[in-house]
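Spelled out from the first residue to the last, the chains are:
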Amino acid sequence: MGRTGILTTPHGKIKTPALMPVIHPGKQTLDVKEFGAEVVITNAYIMYKNVELREKVLEDGVHKLIDFPGPIVTDSGSFQLSLYGDIDVDNKEIIEFQKIIGTDIGTSLDIPTPPFVKRERAERDLEITIERAKEASEIGGDMMMNSVVQGSTFHDLRSKCAEEIGSMGFDVYPIGAVVPLMESYRYTELVDVVMASVKNLPDSQPRHLMGAGHPMVFALAVAMGCDLFDSAAYILYAQDDRIMMPTGTFKLANLVEMPCSCPVCSNHTPDELRSMKKSDRMLLLAQHNLAISLAEIRKIRQCIVDGNLMELVEQRCRVHPYLLDALRNLKKYTSTLEEYDPASKNSAFFYSGPESLARPEIQRHLSRINRIPRKKNLLLLPRSRKPYSKNLHHDLGKFYLKHIKGETLGDSQELWEDIQVAVVDVPFAVIPIEIDEVYPLAQNESPIITDEDSKKFVSAEMEKYMAEFDNVIISAKILDRFDMYTIELDSGGETSENPLRVYSLEEYELDSFRLDVDDREKISSIADYQFGTGAGKALFPDDVQIVKSRKTGKIRHIYEDKTLIATLRATDSVFVLDREGARRLHSLMDYPKNRVVVNADADPFAREGKSIFAKFVIDCDINIRSNEEVLIVNEKDDLIAYGKSLLCSHEIMDFNTGQAVKTRKGGI
Ligand code: GUN
Ligand code: ZN
């Protein structure tokens with residue numbers, strides 16, 4: 001769910017995810033511009049209350065007061081409300097005040113209900129928060145506005161709030177009252193609160209995790225769909241002689257070495273810092289804290305582009321046991337995460353431990369293998385180097401030749417004609433050999449030494465898969481690796497009562513052997529796995545010509561009578577359709593499968609091959625993920641173009657700006 005974006009405000013555009021340093025309107029400590037901050041947040045209530053500041057800001061505007069030329073977000077005083085229980089300004093007044101002082105993004109006076117309060121209180125507070133949001137949407141005028149999700153730790157209240165304010169058309173949706181959770185390291189609850197909120201907020205607007213200022217939580221929060229953070233922590237920690245790192249917090253008192261390579265850490269020793277005047281030291285530590293926080297945000301943006309944000313999340317969440325709990329808790333939300341997870345990415349999937357087993361890519365694979373028609377019989381092979389089909393080793397050996405090809409397998413020889421070969425490995429469990437080069441089945445790495453969770457996970461998935469076949473041959477190496485002692489072995493080939501017959505390859509593991517995967521089965525299986533059951537048959541009838549690369553020997557193009565149907569992309573072994581392929585897929589697959597539907601205005605542009613903007617899309621297949629090959633149709637379901645989705649189905653439907661599909665060709 002992590003995404004990069006651009007948020008446009010009256011004072012300029014900012015890249016998201018972004019960190020907004022908190023500026024105290026009366027006492028600015030650092031020039032945050034120098035550190036690369038593109039946006040800041042300050043407090044309207046403090047300016048409103050302080051006579052001197054108020055006069056100044058009413059006269060000069062907030063940008064001059066805090067000397068920041070870029071976008072400024074203001075908070076409303078709700079946080080003071082949560083600290084002191086009472087403030088003397090009302091919703092309307094503070095919104096009008098923010099308009100007058102020229103805030104870029106203002107905030108209404110939500111009620112930050114703390115975690116773990118009685119439900120009655122959370123409901124009562126929420127009613128007021130939503131009432132004030134309504135009022136804000138009416139009086140906000142031209143000012144961009146925050147509307148804060150509350151609801152304490154009641155997930156249904158968070159969801160309800162997100163849904164209600166989410167439909168009111170605000171510009172940014174902060175998630176509020178999470179500071180107490182973070183201060184007490186209750187990251188597991190933080191995950192539930194954020195997910196309950198984000199799942200119900202519009203995808204097209206940014207979300208701000210309010211009060212999240214420690215770099216060790218940024219990656220996790222971004223992976224849950226948060227785009228903005230604010231940090232007063234860089235100063236508060238510095239005042240306490242504490243040094244923030246994405247890997248945790250260090251007390252200056254305990255340090256013999258400075259922890260990073262920023263100018264402060266490079267130019268000062270801990271001893272020097274300790275012997276300084278408190279105010280000088282505070283300034284330097286704040287500089288470090290801000291620099292390292294902004295660096296973490298940059299790293300996260302790079303990871304999103306590279307497609308390895310979850311690898312970073314898995315690293316960061318090992319910084320503290322309760323963050324690890326949060327990561328483990330995130331497993332509950334894999335299905336939601338999967339809906340936003342691009343179908344193909346620029347980097348390989350790296351397994352970092354049992355938590356990786358909950359990654360959306362694995363769930364997607366295990367669901368999509370069911371799109372490939374089942375055969376009668378199954379041969380399960382152990383891992384080899386990837387791609388497996390190119391590196392299958394001796395396990396198969398003579399046994400395969402002798403028995404599976406139908407020489408001596410006891411009772412029924414032709415039984416083994418209709419056979420699915422699959423490899424069993426961590427973390428994708430079962431990989432049918434025909435699709436073993438499709439991303440990320442070949443583009444992943446996991447340790448050779450198998451952990452207990454992987455053993456359980458893979459053997460459970462394997463047994464589920466096996467249950468759908470009449471006969472199964474399984475390599476003894478698999479049973480060894482995954483501790484599958486409970487599987488009943490029937491190595492003699494005798495018919496057992498059990499319809500599932502398991503044979504051991506052990507005694508047959510002989511010579512090295514190369515398995516030739518049938519090209520036709522390969523292209524058909526990949527198409528089914530990619531587009532849905534039946535796609536292979538529809539796209540590629542028996543008499544297609546398969547053209548391979550002379551250099552690599554890999555399948556490249558599929559033709560029928562000189563007409564190109566599709567090209568198999570070398571990097572991720574996924575089909576890129578050509579005109580004829582798009583036509584075939586469209587006529588075989590019922591509406592709305594694989595389709596993005598555009599309105600009449602966009603129809604002529606799509607036909608010309610112009611890319612599809614999200615605002616012209618009126619419907620689409622809910623199963624579309626970003627980076628997938630899709631069909632572009634009009635309201636009558638006429639195929640008018642085809643291309644690659646840049647967003648997932650939820651985003652395509654929700655966004656009103658930007659491209660949804662990069663059109664490959666129009667004029668069908
Ligand atoms: N700052 C930290 N938490 C909150 C919150 O819940 N609401 C507002 N308005 N500001 C905050
Ligand atoms: Zn440093």
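Scroll up for the structure.
Computed from a predicted structure; not experimentally measured.

Reading the values: the criteria
Residues numbered from 1 in each chain as written. Chains lettered and ligands numbered in written order. Predicted model: local features only at pLDDT ≥ 70, side-chain atom pairs only at ≥ 80, totals over all residues. Heavy atoms only, no water. Helix = DSSP H or I, 4+ residues; strand = E, 2+ residues; numbered from the N terminus. Rg over C-alpha atoms; globule rule 2.2 N^0.38 Å. Buried < 20%, exposed > 50% of the residue type's maximum accessible area, 1.4 Å probe, protein only. Contact = heavy atoms within 4.5 Å. Areas by Shrake-Rupley, 256 points an atom, 1.4 Å probe, with all protein chains shown as cover. Lys, Arg positive; Asp, Glu negative; His and termini not counted. Charge placed at Lys NZ, Arg CZ, Asp CG, Glu CD. Near = heavy atom within 4 Å. Polar contact = N/O pair within 3.5 Å; in protein donor to acceptor, adjacent residues only side chain to side chain. Nonpolar A, V, L, I, M, F, W, Y, C, P; charged D, E, K, R; others polar. 1 Å grid on protein atoms, 1.4 Å probe; cavity = no way out; pocket = protein on both sides within 12 Å on 5 of 7 lines; lining within 4 Å. Points joined across faces, edges and corners; volume = space filled by probe spheres on them. Donors = N, O, S within 2.8 Å, 3.2 Å for Na, K, Ca; no water. Tetrahedral: all angles 85-135°; square planar, octahedral: opposite > 155°, others 65-115°. Pairing = 2+ DSSP bridges. Core = buried A, V, L, I, M, F, W, Y, C linked by side-chain atoms within 4.5 Å. Axes fitted to C-alpha atoms, helices over the stretch in contact; angles between N-to-C directions. Parallel < 35°, antiparallel > 145°, perpendicular 65-115°, else oblique.

1. Here's the deal with the overall build of the chain
Part 1: For the chain, the helix and strand inventory stands at 27 helices and 29 strands.
Part 2: Computed over its C-alpha atoms, the radius of gyration of the chain comes to 29 Å, within 12% of the 26 Å expected for a compact globule of 668 residues.
Part 3: Projected onto the principal axes, the alpha-carbon positions of the chain cover approximately 95 × 65 × 50 Å.
Part 4: Taken over 668 residues, the chain has a buried fraction of 58%.
Part 5: Here the analysis covers contacts within the chain between residues at least 6 apart in sequence; of these, 68% occur between residues at least 24 apart.
Part 6: Accessible surface computed for the chain: about 28500 Å², of which carbon and sulfur atoms make up 49%.
Part 7: The averaged location of the 103 negative side-chain charges in the chain is 4 Å from the averaged location of its 82 positive side-chain charges.

2. Some details on the site of ligand 1
Part 1: Around ligand 1, a shell composed of Asp-75, Ser-78, Phe-79, Asp-110, Pro-112, Gln-150, Gly-176, Ala-177 and Met-210 is seen.
Part 2: In the model, an oxygen atom of ligand 1 is placed 2.8 Å from a nitrogen or oxygen of the Ala-177 main chain.
Part 3: Looking at the shell around ligand 1, its residues break down into 4 nonpolar, 3 polar and 2 charged.

3. Considering empty space enclosed by the protein
Part 1: By the definition in use, this model includes 3 cavities of 30 Å³ or more.
Part 2: Counted as a void, the largest cavity has a volume near 220 Å³.
Part 3: Of all the secondary structure elements, the ones that give two or more residues to the lining of the largest cavity are helix H18 (360-368) and helix H23 (519-531).
Part 4: The dominant element in the lining of the largest cavity, judged by the number of residues it contributes, is H18, at 4 residues.

4. Structural notes on the coordination of the zinc ion (ligand 2)
Part 1: Around the zinc ion (ligand 2), the donor atoms from the protein are Cys-260 (SG), Cys-262 (SG), Cys-265 (SG) and His-288 (ND1), and they sit 2.1 to 2.3 Å away.
Part 2: Angles of 103 to 116° at the metal separate the 4 donor atoms of the zinc ion (ligand 2), which places the site in the tetrahedral class.
Part 3: Counting the intervening residues between successive donors of the zinc ion (ligand 2) yields the motif C-x1-C-x2-C-x22-H.
Part 4: Judged by relative accessible area, Cys-260 falls into the buried class, the value being 18%.
Part 5: For Cys-265, a relative accessible area of 7% translates into the label buried.

5. Examining unusual backbone geometry
Part 1: Between Lys-386 and Pro-387 the backbone carries a cis peptide bond, its omega angle lying at -5°.
Part 2: Residue position: Pro-387 is located in the loop between strand E14 (377-381) and helix H19 (388-391).
Part 3: Here Val-426 and Pro-427 are connected by a cis peptide whose omega angle stands at 0°.
Part 4: In this structure, Phe-116 takes a positive phi of about 60° despite not being glycine.
Part 5: As for its placement among the helices and strands, Phe-116 is situated in the loop between strand E6 (105-107) and helix H6 (119-139).
Part 6: If you check the backbone angles, Lys-562 has positive phi at about 70° while not being a glycine.
Part 7: With respect to the element layout, Lys-562 can be found in the loop between strand E21 (555-560) and strand E22 (563-568).

6. A look at the pairing of strand E15 (residues 419-425)
Part 1: Among the 7 residues of E15, 7 are classified as buried, and the element is accordingly described as predominantly covered.
Part 2: A two-sided burial pattern is seen for E15, the buried positions comprising Ile-419, Val-421, Val-423 and Asp-425 on one face and Gln-420, Ala-422 and Val-424 on the other.
Part 3: Here E15 pairs with strand E16 (residues 429-432) via 4 bridges, running antiparallel. Bridging across to E16, Ala-422 finds its partner in Pro-432.
Part 4: Once E15 ends, the chain turns through 3 residues before running back antiparallel as E16.

7. Concerning the nonpolar core
Part 1: One finds Val-32, Leu-209, Leu-220, Phe-229, Val-313 and Leu-330 to be the most contacted residues of the largest nonpolar core, which totals 107 residues.
Part 2: With near-sequence residues (within four places) excluded, Val-32 lies in contact with Pro-21, Ile-23, Ala-37, Val-40, Phe-68, Tyr-234 and Leu-290.
Part 3: Counting residues in hydrophobic clusters, the runner-up holds 65 residues, among them Ile-419, Phe-428, Ile-433 and Leu-479.

8. Concerning the packing of helix H10 (residues 215-223) against helix H16 (residues 321-330)
Helix-helix packing is characterised by the crossing angle of the two axes and by the distance between the axes.
Part 1: Running from N to C, H10 and H16 cross one another at 0°; their axes reach a closest spacing of 12 Å. As far as their axial angle goes, H16 and H10 are roughly parallel. Residues Met-216, Val-217 and Leu-220 of H10 form the contact with H16, whose participating residues are Leu-323, Ala-326 and Leu-330.
Part 2: Residue composition of the contact of H10 with H16, grouped by class: 6 nonpolar, no polar and no charged.

Nothing here speaks to function; it is all geometry.
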